[in-house]
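# Summary of the model geometry
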Amino acid sequence: MKQTNLGIAVVGAGRIGTLRARLAGKHPAVRFLAVSDRDPTRARALAEEAGANLHSGSNEEIINHPDVTP
């Protein structure tokens with residue numbers, strides 16, 4: 001089953017989170033991308049780089065966002 005219009009939450013702006021955010025930001029099925037990190041500055045920088053819609057210092061905020069696919 002092919003799914004489109006995904007909402008993705010990437011927790012952590014470290015090495016793996018950066019890779020995941022970059023890939024998600026380029027994927028045609030992803031319509032919403034959010035990034036969080038304990039350091040809000042890192043979250044913002046990665047969000048800008050990946051073209052994310054939302055960044056936060058709170059994991060719960062992005063995980064529970066209504067545009068993130070459960």
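Every value quoted in this text rests on a predicted model; they were computed, and no experiment measured them. (Residues numbered from 1 in each chain as written. Predicted model: local features only at pLDDT ≥ 70, side-chain atom pairs only at ≥ 80, totals over all residues. Heavy atoms only, no water.)

Okay, the sheet that holds strand β1 (residues 6-11) next. As summarised here, the arrangement of the three strands in space is β1-β2-β3, forming an open sheet in which the pairing is parallel. Each edge of the sheet is formed by a strand with only one pairing partner; in this case those strands are β1 and β3 (54-56). In this sheet, adjacent strand axes meet at a mean angle of 15° when their direction is disregarded. Bridge count between β1 and strand β2 (residues 30-36): six bridges; the pairing is parallel. Considered in β2, the bridge of V11 is made with S36. Contacts between helix α1 (residues 15-26) and the sheet are confined to β1 and β2, with β2 contributing the most and set at about 160° to the helix. (Pairing = 2+ DSSP bridges. Helix = DSSP H or I, 4+ residues; strand = E, 2+ residues; numbered from the N terminus. Axes fitted to C-alpha atoms, helices over the stretch in contact; angles between N-to-C directions. Contact = heavy atoms within 4.5 Å.)

Between the first and last C-alpha of α1 there are 17 Å, a value that for 12 residues agrees with the 16 Å anticipated at 1.5 Å per step. For α1, every residue scored as buried is listed here: G17, T18, A21 and A24. End-on view of α1: buried residues confined to an arc of 135°, all on one side of the axis. In α1, those exposed residues whose orientation departs by more than 90 degrees from the buried face are R15, L23 and K26. (Expected span 1.5 Å × (residues − 1). Buried < 20%, exposed > 50% of the residue type's maximum accessible area, 1.4 Å probe, protein only. Arc of directions from axis to C-beta.)

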